[in-house]
Amino acid sequence: MRFRAKIVDLACLNHFSRVINTIAKLAKTCTLRLTVGKLYFILSDKVANGGVSMWCELCQGNFFDEFQMEGVAAEHNEIYLELVPENLSRALKTAQSAKAVKIKLTNKHCPCLRVAVELPSLSSSSRIVTHDIPVGVIPRRLWNDFREPSVPDFDVSIYLPVLKTMKSVVERMKNLSNSIVIEANLSGEMNLKIETDLVSVTTHFKDLGNPPWASEDGCQSSAQGRDLESMAEARIDIKKLQQLLAGQQVNPTKALCNIVSKRIVHFILLHEDVSLQYFIPALA
Amino acid sequence: MPFSSPPPASGEPFALSASLDKARHLSSLLRAVHFQDHATCFATASGLRVTVEDAKCIQANAFIQAEIFQEFAVQEESVVFRINLSVLLDCLTIFGTSSLPGTSTALRMCYRGYGYPLMLFLEEGGVVTVCKINTQEPEELLDFDFCSTKVVNKIILQSEGLREAFAELDMTSEVLQITMSPDKPYFRLSTFGNAGSAHLDYPRDSDLMEAFHCNQTQTNRYKISLLKPSTKALALSCKVSIRTDAQGFLSLQYMIRNEDGQICFVEYYCCPDEDITEAEL
């Protein structure tokens, strides 16, 4: 198993740092899957996470100037690592004006991702700050736990409102209630609702638009033939939604959610070179 | 007005109904008195008064007169209810506290009367939020009975002179001691904290002093934890009047000008701290 990569371009470096910061806000521990062409940050839906799961995919070519990977075996040319993304985020904080960042998988005393940040200096020799981030190597027999989740058979798919507005509203609602109801219909309307003994608050978004989905075999998904006004709804943990929204440092190119009534809300946030899927299950 | 709410089915108008183009004109004033969860709201034809009290020693009032609102109608002589101020503020600022220049949150408030919830309709950028906040039985409030005839000492200061002093008050001191006198030190703020005592004097001829009417030397102490929240009102204000009566009760009145140039007032009343001996004075 070998992995070494290098980023020299400052814009790519800052972009990569932002992605890691977002991941760090969503998961304390997650799985990093390395393939020849892509990096994946994966959180599978264990009870310990409150049932949320995450799938984040990046094309390595959009970030790294050099990228060499050799997996566990020729037929399984991938590496799965368990890591604490906050550690990686902190290491990258020192790289804000770096000349280059090198990342390498090492195993001196225990497996680590060694992040070496080369900083500009006035003298001819560079300053290098090295961070050793402990990682766990996930054996191949467990790789099945981290498969890409399929798009659920949703009742309604809708584009999200302007994230800044949604973020403000959810942050305030978080002060008032532990759970939030998110409901939407095929007429581009979405409501966010909280209700407690003290107060009830509903925010109405209109004209959001519903993304067109075509299923692979060409037949109608369960969303078709549905009354346009009828709302699909799910009650979810408001902190999880707030974490997802708070973690978005840059406006995504596309942001949408798929609601399976009373079961799960599937968020898809697409940026130019990163896609993030986040699943929040409905509360009992 | 972005929207109108229909009157109650009984055909009677709302006990209180009001519209405000910029919700922050209300929320910023309410924040200046937000040191307890609960507040009592009084509405009369002249406007809205929101009162917060603590420990039976301190009372803060925010006055938002009817002219600030685009529409303000009170059906009975007065309307009173108790409400959770933290919840009210979260609702008024549902779209965030810092808005882009040129955008603002429009507000409509309706209250049907005793026992009904307070309804808020907020709109920004085409997005509408509807809030229903339960109200409670109003409780009896303190009456400081502070009228101008009982005032012993009074000064009016420009707020910028006091802001730093209040922001940096030594919170390890249990009390804030205020001395007002026709003679030196004229106006002195003192604290007695872990690191020692600190005294801040304001001369009567200072540029910051707009009015100085001190007839008697008075030194009074107030629990600093009770007065600290008044810093929020001070931060918003341009002028503050400081008055004491014969028993040492303190009145702080803050003149607040909003971004549209309209004036509102916030006042704080505080009882002197009883636990002091003659010897300490």
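Just so you know, these numbers come straight off a predicted model, no measurement behind them. (Residues numbered from 1 in each chain as written. Chains lettered and ligands numbered in written order. Predicted model: local features only at pLDDT ≥ 70, side-chain atom pairs only at ≥ 80, totals over all residues. Heavy atoms only, no water.)

Examining the overall build of chain B
For step 1, the next point in the chain: Broken down by element type, chain B carries 5 helices and 19 strands.
For step 2, the next point in the chain: With the C-alpha coordinates aligned to their principal axes, the bounding extent of chain B is approximately 65 × 40 × 35 Å.
For step 3, the next point in the chain: For chain B, buried positions account for 51% of its 281 residues.
For step 4, the next point in the chain: Pairs at least 24 residues apart make up 66% of the contacts formed inside chain B by residues separated by at least 6 positions.
For step 5, the next point in the chain: For chain B, the exposed area adds up to about 13000 Å²; of that, 48% sits on carbon and sulfur atoms.
For step 6, the next point in the chain: Of the charged side chains in chain B, 22 are positive and 36 negative, and the gap between their average positions amounts to 3 Å. (Helix = DSSP H or I, 4+ residues; strand = E, 2+ residues; numbered from the N terminus. Buried < 20%, exposed > 50% of the residue type's maximum accessible area, 1.4 Å probe, protein only. Contact = heavy atoms within 4.5 Å. Areas by Shrake-Rupley, 256 points an atom, 1.4 Å probe, with all protein chains shown as cover. Lys, Arg positive; Asp, Glu negative; His and termini not counted. Charge placed at Lys NZ, Arg CZ, Asp CG, Glu CD.)

Describing the packing of aromatic side chains
For step 1, the next point in the chain: With the rule as written, the count across this model stands at 17 aromatic pairs over all chains.
For step 2, the next point in the chain: A ring pair is formed by Phe3 of chain A and Phe67 of chain A, whose centres lie 5.3 Å apart and whose planes are at 70 degrees; its orientation type is edge-to-face. Residue Phe3 of chain A is found in strand β1 (residues 2-7), and its partner Phe67 of chain A is found in strand β5 (residues 66-70); the two are separated by 64 residues along the sequence.
For step 3, the next point in the chain: Its relative accessible area of 15% is what places Phe67 of chain A among the buried residues.
For step 4, the next point in the chain: On the numbers, 6.2 Å between centres and 90 degrees between planes, the contact of Tyr254 of chain B with Tyr268 of chain B is edge-to-face. You can see Tyr254 of chain B sitting in strand β18 (residues 250-257) and its partner Tyr268 of chain B sitting in strand β19 (residues 263-270), a full 14 residues away along the chain.
For step 5, the next point in the chain: Taking relative accessible area as the criterion, Tyr254 of chain B reaches 2% and is therefore assigned buried.
For step 6, the next point in the chain: Clustering of aromatic rings is evident, with ring pairs tying together Phe3, Phe16, Phe63, Phe64 and Phe67 of chain A.
For step 7, the next point in the chain: A cation sits over an aromatic face here: Arg33 of chain A above Tyr40 of chain A, 4.4 Å from the ring centre.
For step 8, the next point in the chain: The ring of Phe42 of chain B carries Arg49 of chain B above its face, with NZ or CZ at 4.2 Å from the centroid. (Phe/Tyr/Trp six-rings, centres within 6.5 Å; stacked < 30°, edge-to-face > 60°. Lys NZ or Arg CZ within 6 Å of the ring centre and 35° of its normal.)

Structural notes on empty space enclosed by the protein
Residue and element names in this part refer to chain A.
For step 1, the next point in the chain: Taken as a whole, this structure holds 5 cavities of 30 Å³ or more when the rule is applied.
For step 2, the next point in the chain: Approximately 150 Å³ is the volume attributed to the largest cavity.
For step 3, the next point in the chain: Forming the walls of the largest cavity are His15, Arg18, Val19, Thr22, Cys56, Gln248, Gln249, Val250, His271, Val274 and Leu276.
For step 4, the next point in the chain: Taken together, the elements giving at least two residues each to the lining of the largest cavity come down to α1 (10-26) and β18 (274-281).
For step 5, the next point in the chain: Among the elements that make up the lining of the largest cavity, the one with the highest residue count is α1 (4 residues). (1 Å grid on protein atoms, 1.4 Å probe; cavity = no way out; pocket = protein on both sides within 12 Å on 5 of 7 lines; lining within 4 Å. Points joined across faces, edges and corners; volume = space filled by probe spheres on them.)

Some points on the confidence of the model for chain B
All names here are of chain B.
For step 1, the next point in the chain: Across chain B, the average pLDDT comes to 89, with 92% of residues at or above 70.
For step 2, the next point in the chain: Segment residues 1-8 is flagged for pLDDT under 50; beyond a separation of four residues in sequence, or across chains, it makes 20 contacts in the model.
For step 3, the next point in the chain: Low pLDDT, under 50, characterises residues 277-281; the stretch is placed with 3 contacts to residues that sit more than four places away or in other chains.
For step 4, the next point in the chain: Taken together, the chains of this predicted complex give a pTM of 0.89 and an interface ipTM of 0.86. (pLDDT = per-residue confidence, 0-100.)

Description of the nonpolar core
For step 1, the next point in the chain: Membership of the largest hydrophobic core comes to 156 residues, with the highest contact counts inside it found for Leu120 and Phe187 of chain B.
For step 2, the next point in the chain: Broken down by element, the residue count for this core peaks at 7 residues, all from α1 of chain A.
For step 3, the next point in the chain: Counting 7 residues, the second-largest nonpolar core is a separate cluster that includes Tyr40, Ile42, Tyr80 and Trp143 of chain A. (Core = buried A, V, L, I, M, F, W, Y, C linked by side-chain atoms within 4.5 Å.)

Quick look at the interface of chain A and chain B
For step 1, the next point in the chain: Residue-level contacts link 17 residues of chain A with 19 residues of chain B.
For step 2, the next point in the chain: Together, Arg172, Leu198 and His204 of chain A form the three largest contributors to the area buried by chain A at its contact with chain B, with a combined 37%.
For step 3, the next point in the chain: Applying the counting rule to chain A against chain B returns 0 salt bridges.
For step 4, the next point in the chain: Of all the secondary-structure elements, those providing two or more residues to the side of chain A that touches chain B are α3 (163-176) and β14 (199-205) of chain A.
For step 5, the next point in the chain: The element that contributes the greatest number of residues to the side of chain A that touches chain B is α3 of chain A, accounting for 8 residues.
For step 6, the next point in the chain: Its residues placed into classes, the side of chain A that touches chain B shows 7 nonpolar, 7 polar and 3 charged. (Buried area = accessible area lost by both parts, 1.4 Å probe. Salt bridge = Lys/Arg side-chain N within 4 Å of Asp/Glu carboxyl O. Nonpolar A, V, L, I, M, F, W, Y, C, P; charged D, E, K, R; others polar.)

Regarding the sheet that holds strand β16 (residues 218-223) of chain B
Residue and element names in this part refer to chain B.
For step 1, the next point in the chain: Strand order in the open sheet made by the 4 strands is β14-β13-β12-β16, with antiparallel pairing throughout. Edge positions in the sheet fall to β14 (196-202) and β16, since each of these pairs with one other strand and no more. For this sheet, the mean inter-axis angle between neighbouring strands, taken without regard to orientation, is 20 degrees.
For step 2, the next point in the chain: Note: strand β13 (residues 187-193) against β14, 7 bridges, orientation antiparallel. Bridging from a neighbouring strand, Leu189 pairs with Leu200 of β14. (Pairing = 2+ DSSP bridges. Axes fitted to C-alpha atoms, helices over the stretch in contact; angles between N-to-C directions.)

With respect to the sheet that holds strand β16 (residues 254-260) of chain A
Picture the strands of a sheet paired through backbone hydrogen bonds; they go either parallel or antiparallel.
All names here are of chain A.
For step 1, the next point in the chain: The 9 strands are arranged β10-β6-β2-β3-β4-β18-β17-β16-β11 in an open sheet whose pairing can be described as antiparallel. Every interior strand has two partners, whereas the edge strands, β10 (136-137) and β11 (156-159), have only one.
For step 2, the next point in the chain: Both strand β3 (residues 38-43) and strand β4 (residues 53-59) contribute to a ladder of 6 bridges, which runs antiparallel. Across the sheet, Leu43 pairs through a bridge with Met54, a residue of β4.
For step 3, the next point in the chain: Sheet strands in contact with α1 are β2 (30-34), β3, β4 and β18, and its direction is about 170 degrees off that of β4.

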